[in-house]
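Here are the chains, one letter per residue:
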Amino acid sequence: MASAVARLRAVEKRGVLMQLKALCREGRLKKAIDILPETNHSKLLRGNSDMVVLLLKACADMKLLSEGKQIHARILKVAIECNILMYNKLIIMYTKCASLEDARHVFDKMYERNAVSWSSVIGGYVTQWQYEEALALFYKMREDRGIKPDNFIFPPVLKACGVLSALQEGKEVHDYIAASGLERDVFVENSLVEMYATCKSIENAEQVFDKMPERNLVSWNVMISGFAQNGYREKAMRVFSEMQVGGMKPNAVTITSVLPASSLQQGKEIHAYILTHDFSSDILVENALLDMYSKCGSIEGACQVFNKMSERDMISWNSMISCYVQSGRCYEALELLHQMQSAGIKGNIISWTTIIAGHAKHGQGEEALQLFHEMQSAGIVPDIVSWNVVVTSFSQNVYGNEAVLRVFRQMQLRGMKPNNVTIASVLPACTNLAGLQQGKEIHAYVLRSRIEWDVFVGSAFVDLYAKCGSVRDAWQVFTKMSQRNVVSWNAMIAGCAMHGHGRDAVSLFEQMQEADIKPNSITFTSLLSACSRVGLVDEGWKFFNRMRQQYLITPCEEHYACMVDLLGRSGHLVEAHDFISKMPLKPNACVWGALLGACRLHCNIELAEYVAERLFTLEPENVGNYVLLSNAYAAAGRWGDVVKVRKMIKDRGLKKIPGCSLIEVNN
């Protein structure tokens, strides 16, 4: 009798399982859940968890969270005793359905866990971009000595290290992999190469790659991508060639990885490979080709690819728009945007921002502002990135200073809070307009709004205050900066030099060296200018020689002009002339102009006439040089020669440009 009942239950179980499998294949999970045995068959269900596991897997594969929760509820209702397998299936179902809170709840209730439990929940956190939590769980797992990690645990952990640029943690994971005996697993090694490359530790990535006893297509792809993304273009191309020589056939991922590293000629060769190996219909490959031609400045190549595309997505259109903009053909980019809209594809914020930035950078400020308004009228709300692109584009154009401040005000009126990038881009406009009061108002706004005060914002404020004549404010900002780079130091040194505080500039340079900040060409231009203003001839020579000998900086025309000015102002006119004659560069107008100014200052008319002749040859239409010679004659009381120079100016049709000043009126 007992054996007959057992056979009946076995038949019943097989029947239910077959029915559940059929319903899962058909995607009819609701019906499958409904037929799950409840009270009448609770013993059957408690003893056989296969059917529940089957349903949980189906829910995970189809990402059906609601149905998965219903099954979980049935498990609790019937009081099924969950084993590790069922717990793991629940975790996998919840992570695949993006319900990490539920997955973690199940995980935390487990009295026993295995490698699958840990890898499932860690992988879930990585999939949902919660990388810090993933790493925290990994370190917690290491405390459980009963867990033997497998090759599924490490890839998500390494990805988290890469995204977080956590190189030290990545190296610790690498050591743990070696201790676990999985260092030769190709799946794990690929993840190591990618982690190191993402952390910009390309030497470590290359070492792992070179030691791999076995490589698959993914191995080659991650190494090529790593080289390309870190600027090692030649190495990326070399690995691309090696993989083909070794008999590994590239796929679409390979092509899209190597194209950013190629030159125009190499890109054309890869283009030919694409056409002969049936990749031309892959939209990702075509977009990568578009981007390559665009970055190499070949608008003809980009147009050829774009016009032959059978299918175009938003990336295709935006790449072509960017290509036109980079070539300075902004109006054609705008026309392409209109074509895009006619094709039923509404331009996104990238499309509009690219065109707006292009117009602004090419001096078409009014058109850029008009397009910015049109973008908003088209229903596209600018985000902080697009606002910053517009502000930065105007700030890089000398004619856009007032436009920068106008856009900055509009940004605030629209309720968009500026960030540190915005502030660092707006301040140069205030500097160029000598808008000290506006700069102070922005300073107050930054403090009130608690905008991140980084080295770029601090340096911009130092530069603003120094160039607007408020050296004291510049110094206060400079001393309060928690971090300074060479730009910060240069701005403060230049401010001291500009306002005649030469010895302070020299003292700052010594402090800069103590702070282990390496000076650059601009540093020495400011230092030499500072020495010139206060007559520090010996110090000037020392800096000029240190620049060449200690810091291996080749002097440019500006450095030579500063030295001539230093020597000339101090009355060493002959030495200044000898210095010019020994220059390795051909003296330009700045160099000769500095000497002519010194000749006027010290009434050396003979040398002034000699220098003026060279300036008239270099800059025949620069009336300033004629005025400088005329002033030299006047200082020496040679009024007849003054009249001759003025007649020369008149005969040559030159006009003296009147001086101008800037004042602030109501901001």
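See the structure above.
Quick summary incoming for the structure in this document.

About the cut-offs
By convention here, each chain's residues receive numbers from 1 onward along its written sequence. Reporting in this predicted model follows two pLDDT cut-offs: at least 70 for local features of residues, and 80 or more for side-chain atom pairs to be given and counted; totals over whole chains, interfaces and linings ignore these cut-offs and use all residues. No hydrogens and no water enter the side-chain calculation; it runs on all heavy atoms of the structure. Secondary structure elements are defined from DSSP: runs of H or I of at least 4 residues count as helices, runs of E of at least 2 residues count as strands, and each element is numbered from the N terminus. Buried residues are those whose accessible area, probed at 1.4 Å on protein chains only, stays under 20% of the maximum for their type, while exposed residues exceed 50% and partly exposed ones sit between those limits. Each polar contact in these results corresponds to two N or O atoms within 3.5 Å; when the atoms are within protein, one needs to be able to donate a hydrogen and the other to accept it, and residues that are neighboring in sequence are counted only if both atoms are side-chain atoms. By definition in these notes, contact holds between two residues if any of their heavy atoms fall within 4.5 Å. In this description, a line fitted to the C-alpha atoms serves as the axis of each element, helices being fitted only across the stretch in contact, and the angle between N-to-C directions of two axes falls anywhere from 0 to 180 degrees. Any angle that falls under 35 degrees is termed roughly parallel, while one over 145 is termed roughly antiparallel, one within 65 to 115 roughly perpendicular, and all others oblique. The crossing is said to be left-handed when, going from far helix to near helix, the turn is anticlockwise and less than a right angle, and right-handed when the turn is clockwise. Each residue is assigned to one of three groups, with Ala, Val, Leu, Ile, Met, Phe, Trp, Tyr, Cys and Pro labelled nonpolar, Asp, Glu, Lys and Arg labelled charged, and all others, Gly among them, labelled polar. The term salt bridge refers to a side-chain nitrogen of Lys or Arg lying within 4 Å of a carboxyl oxygen of Asp or Glu. Buried residues of nine kinds, namely Ala, Val, Leu, Ile, Met, Phe, Trp, Tyr and Cys, make up a nonpolar core once their side-chain atoms join them within 4.5 Å. Expected span, for any helix, means 1.5 Å times one less than how many residues it has. Here a Phe, Tyr or Trp ring, Trp counted by its six-membered ring, pairs with any other such ring whose centre lies within 6.5 Å, and the pair is stacked when the planes are under 30 degrees apart, edge-to-face when over 60, and tilted otherwise. We count a charge as sitting over a ring when the NZ of a lysine or the CZ of an arginine lies within 6 Å of the ring centre and within 35 degrees of the ring normal.

### A look at the side chain of Glu-206
Thought 1: As for its placement among the helices and strands, Glu-206 is situated in helix α13 (residues 202-211).
Thought 2: You can call Glu-206 buried: its relative accessible area is 15%.
Thought 3: A polar atom in the side chain of Glu-206 sits 3.2 Å from the side chain of Lys-235.
Thought 4: The residues contacting Glu-206, other than those within four sequence positions of it, are Met-223, Phe-227, Lys-235 and Arg-238.

### Digging into the packing of helix α25 (residues 401-413) against helix α26 (residues 420-432)
Thought 1: For the pair α25 and α26, the least separation of the axes is 8 Å and the interaxial angle reads 135°. Considered as vectors, α25 and α26 are oriented oblique to each other. Here α25 runs over α26; the crossing is left-handed. Across the interface between the two elements, Asn-401, Val-404, Leu-405, Phe-408 and Met-411 from α25 touch Thr-422, Ile-423, Ser-425, Val-426, Pro-428, Ala-429, Cys-430 and Asn-432 from α26.
Thought 2: A class-by-class count of the residues in the contact of α25 with α26 yields nine nonpolar, four polar and no charged.

### Some details on the pattern of salt bridges
Thought 1: Counting across every chain of the model gives 16 salt bridges.
Thought 2: Residues Arg-329 and Glu-332 are paired through a salt bridge, measuring 2.6 Å at the closest nitrogen-oxygen approach.
Thought 3: On the basis of relative accessible area, Arg-329 is assigned to the partly exposed category, the value being 33%.
Thought 4: What emerges from the salt-bridge pattern is a single network uniting Glu-206, Lys-235, Arg-238 and Glu-242.

### Concerning unusual backbone geometry
Thought 1: In this structure, Ser-165 takes a positive phi of about 55° despite not being glycine.
Thought 2: Considering the arrangement of structural elements, one finds Ser-165 in the loop between α10 (154-163) and α11 (167-179).
Thought 3: The backbone phi angle of Asp-516 is positive, close to 60°, even though this residue is not glycine.
Thought 4: With respect to the helices and strands, the residue Asp-516 is situated in the loop between α31 (502-514) and α32 (521-534).

### Re the nonpolar core
Thought 1: Counting 204 residues, the largest nonpolar core has Met-320, Phe-461 and Leu-595 as its most contacted members.
Thought 2: Those residues in contact with Phe-461 that lie beyond four places of it in its chain are Ile-423, Leu-427, Gly-439, Ile-442, His-443, Val-446, Trp-453 and Val-477.

### Side note on α10
Thought 1: Across the ten residues that make up α10, a large majority, eight, are buried.
Thought 2: Listing the buried residues of α10 in full gives Phe-154, Pro-155, Pro-156, Val-157, Leu-158, Ala-160, Cys-161 and Gly-162.
Thought 3: Buried-residue contacts for α10 involve α8 (115-127), α9 (131-142), α11 and α12 (186-198).
Thought 4: Of the residues one or two after α10, Ser-165 is the one with positive phi, at around 55°.

### Quick word on the environment of Tyr-626
Thought 1: Within the element layout of this structure, Tyr-626 appears in helix α38 (residues 623-635).
Thought 2: Assessed through its relative accessible area of 0%, Tyr-626 is described here as buried.
Thought 3: Note: C-alpha distance between Tyr-626 and Ile-649 (23 residues apart in sequence) is 7.1 Å.
Thought 4: Those residues in contact with Tyr-626, other than ones at most four positions away along the chain, are Phe-616, Pro-620, Val-645, Met-648, Ile-649, Arg-652 and Leu-654.

### So, α8
Thought 1: For α8, spanning 13 residues, the distance from its first C-alpha to its last is 18 Å, which sits close to the expected 18 Å at 1.5 Å a residue.
Thought 2: Of the positions making up α8, those classed as buried are Ala-115, Ser-117, Trp-118, Ser-119, Ser-120, Val-121, Ile-122, Gly-123, Gly-124, Tyr-125 and Val-126.
Thought 3: Packing partners of the buried residues in α8 comprise α6 (84-96), α7 (100-109), α9 and α10.
Thought 4: If you check the start of α8, you find a side-chain oxygen 3.1 Å away from the backbone N of Val-116, and it comes from Asn-114.
Thought 5: Two residues or fewer past α8, Trp-129 is found with a positive phi of approximately 65°.

### Topic: the packing of aromatic side chains
Thought 1: Scanning the entire structure with this criterion turns up 24 aromatic pairs.
Thought 2: Ring centres of Phe-616 and Tyr-626 lie 4.1 Å apart, and the angle between their planes is 10°; this geometry places the pair in the stacked category. On the criterion of sequence distance, the pair formed by Phe-616 in helix α37 (residues 605-618) and Tyr-626 in helix α38 is long-range, its members being ten residues apart.
Thought 3: Pairwise contacts between aromatic rings join Phe-138, Tyr-139, Phe-154 and Tyr-176 into one cluster.
Thought 4: Sitting over the face of the ring of Phe-478, Arg-484 holds its NZ or CZ atom 4.3 Å from the ring centroid.

### So, the environment of Glu-452
Thought 1: By secondary structure assignment, the location of Glu-452 is in the loop between α27 (436-449) and α28 (455-467).
Thought 2: Taking the relative accessible area as the measure of exposure, Glu-452 reaches 51% and is therefore exposed.
Thought 3: Sequence-wise, Glu-452 and Asn-419 are 33 residues apart; in three dimensions their C-alpha atoms are separated by 7.1 Å.
Thought 4: Among all residues touching Glu-452, those that are not within four sequence positions of it are Asn-420 and Val-457.

### Quick notes on the environment of Gln-326
Thought 1: By the secondary structure assignment, Gln-326 is in helix α20 (residues 314-326).
Thought 2: A C-alpha to C-alpha distance of 10.0 Å links Gln-326 and Cys-296, two positions 30 residues apart in sequence.

### Regarding the packing of α12 against helix α14 (residues 217-229)
Thought 1: Where α12 contacts α14, the axes come no closer than 9 Å and their chain directions differ by 5°. Accordingly, the angle class assigned to the pair α12 and α14 is roughly parallel. Note on element contacts: α14 touches α12 through Val-218, Ser-219, Val-222, Met-223 and Gly-226, opposite Val-186, Asn-190, Val-193, Glu-194 and Ala-197.
Thought 2: The class makeup of the residues in the contact of α12 with α14 is six nonpolar, three polar and one charged.

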